[in-house]
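Chain residues, written in single-letter form:
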Amino acid sequence: MDYSDSEPPPGPRREDLLPASTERSVKVVVVGGFGVGKTTMVGSVSEIRPLTTEETMTQAGVGVDDLSGVERKTETTVAMDFGRITLDDRLVLYLFGTPGQQRFWFLWNGVIAGALGAVVLVDTRRLEESFPAMDRLEQGGVPFVVAVNHFPGAPVHPASELRAALDLPEHVPLVDCDARRLDSSRDVLLTLMRYLYDSATAPREAL
Ligand SMILES: Nc1nc2c(ncn2[C@@H]2O[C@H](COP(=O)(O)OP(=O)(O)OP(=O)(O)O)[C@@H](O)[C@H]2O)c(=O)[nH]1
Ligand SMILES: [Mg+2]
């Protein structure tokens, strides 16, 4: 195609970005501590090739990054993950994964800005890794669900114990998942959307 100098090439058309039937697109963030499976979750559910910003972990991280439980990890997110999933014909979620390592947290505010809701991933071997993410969401007023991503050898706790350890109110959904699986990650996002919907439509006095 020939575009003259005075005519800029057309930008992406809406129908290239979204299915024609889409009525609503929503931003959702996937957060949690270092190595809990955020990039894995965004990648497993995304229907487009996910954007990742994985970099090889370097010697600079020795003594700084706590690798216990994820000793075989070789790459880490340095900016964000991005993916997209169409939940039903009319609703598209844009997924943003945050970096887990504390030295990249200055990027956090930009990544969570405008998010309708969040998934907090936790690893039961390192629950405390995900506390700061939950604190930040609470400060930012972003509602979230908590998903326990099961790793081999990770202790299995009854939900009541987990809720107590995470200081999680009864109304916040707590679910299990395998971030590597599309169906499991999708179920977590459906739980989040149902929670957001119920919170928005619940009578004020019930909140
Ligand atoms: N067994 C098991 N391994 C998983 C699961 N989810 C992720 N992993 C593995 O755990 C490692 C860390 O996963 P990532 O998705 O990179 O974790 P992350 O939270 O994005 O990590 P950072 O960006 O560095 O904070 C990878 O080697 C994954 O293959 C899971 O559900 N089960
Ligand atoms: Mg990552």
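The shown structure was predicted, so the numbers you read here are calculated from the model rather than taken from an experiment.

So, the side chain of Asp81
Next up, step 1: Of note, Asp81 is situated in strand β4 (residues 81-88).
Next up, step 2: Lys38 provides the closest opposite charge to the buried, salt-bridge-free Asp81, at an N-O distance of 6.9 Å.
Next up, step 3: Within the structure, the side chain of Asp81 is placed 3.0 Å from the side chain of Thr39, a separation counted as a polar contact.
Next up, step 4: When residues no more than four places from it in sequence are discounted, the contact partners of Asp81 are Lys38, Thr39, Val42, Leu51, Thr52, Thr53, Glu54, Leu95, Phe96, Gly97 and Thr98.

Concerning the pairing of strand β7 (residues 144-149)
Next up, step 1: Judged by how many residues are buried, β7 sits mostly within the fold: six of six residues are covered.
Next up, step 2: Examined bridge by bridge, strand β6 (residues 117-122) and β7 share five bridges and lie parallel to one another. Each bridged residue has a counterpart across the sheet, and for Val119 the counterpart in β7 is Val145.
Next up, step 3: At this point the chain moves from β6, through helix α4 (residues 131-140), to the parallel β7, and the crossover so formed is right-handed.
Next up, step 4: Each parallel crossover has a hand, and for β7 linked through helix α5 (residues 159-166) to strand β8 (residues 174-177) it is right-handed.

Focus on the UniProt feature "transmembrane region" (unreviewed entry) in the protein
Next up, step 1: The UniProt entry lists residues 104-122 under the feature "transmembrane region" (unreviewed entry), expressed in the numbering used here.
Next up, step 2: Along residues 104-122, the helical share is 26% and the strand share 32%, with 19 Å between the first and last C-alpha atoms.

With respect to the pattern of salt bridges
Next up, step 1: Scanning the entire structure with this criterion turns up six salt bridges.
Next up, step 2: Measuring nitrogen to oxygen at the nearest pair gives 3.0 Å for the salt bridge that ties Arg84 to Glu47. On the criterion of sequence distance, the pair formed by Arg84 in strand β4 and Glu47 in the loop between α2 (38-45) and β2 (54-56) is long-range, its members being 37 residues apart.
Next up, step 3: A residue is classified by how much of its surface remains accessible, and Arg84, at 14% relative accessible area, is buried.
Next up, step 4: Looking at Glu47, the relative accessible area reads 39%, which means it is partly exposed.
Next up, step 5: Here Asp178 ties to Arg180 by a salt bridge, and the two come within 2.8 Å at their closest N and O atoms.

Rules of the game
- Just so you know, the residues in each chain are numbered from 1, in the order the chain's sequence is written.
- Just so you know, chain letters begin at A and ligand numbers begin at 1, following the order they were written in.
- It should be noted that, the model being predicted, local features are given only for residues of pLDDT at least 70 and side-chain atom pairs only at 80 or more, the latter also being counted only at that level, while totals for whole chains, interfaces and linings use all residues.
- Based on all heavy atoms of the structure, the side-chain values leave hydrogens and waters out of the count.
- Think of it this way: any DSSP run of H or I at least four residues long counts as a helix, any run of E at least two long counts as a strand, and we number them from the N terminus.
- In this scheme, a residue with accessible area under 20% of its type's maximum is buried, one over 50% is exposed, and one in between is partly exposed, where area comes from a 1.4 Å probe on protein chains only.
- The charge count treats Lys and Arg as positive and Asp and Glu as negative. His and the chain ends do not count.
- Whenever a carboxyl oxygen of Asp or Glu lies within 4 Å of a side-chain nitrogen of Lys or Arg, that contact is scored as a salt bridge.
- Each polar contact in these results corresponds to two N or O atoms within 3.5 Å; when the atoms are within protein, one needs to be able to donate a hydrogen and the other to accept it, and residues that are neighboring in sequence are counted only if both atoms are side-chain atoms.
- Only heavy atoms matter for contacts: two residues are in contact if any of them lie within 4.5 Å across the pair.
- DSSP-based pairing: two strands are paired if at least 2 bridges between them are found.
- Note on handedness: a crossover is taken as right-handed if, strands pointing away from the viewer, the path from the first strand over the helix to the second is clockwise.
- UniProt positions are given in the numbering used here, feature names are shortened, and annotations may be inferred rather than shown by experiment.

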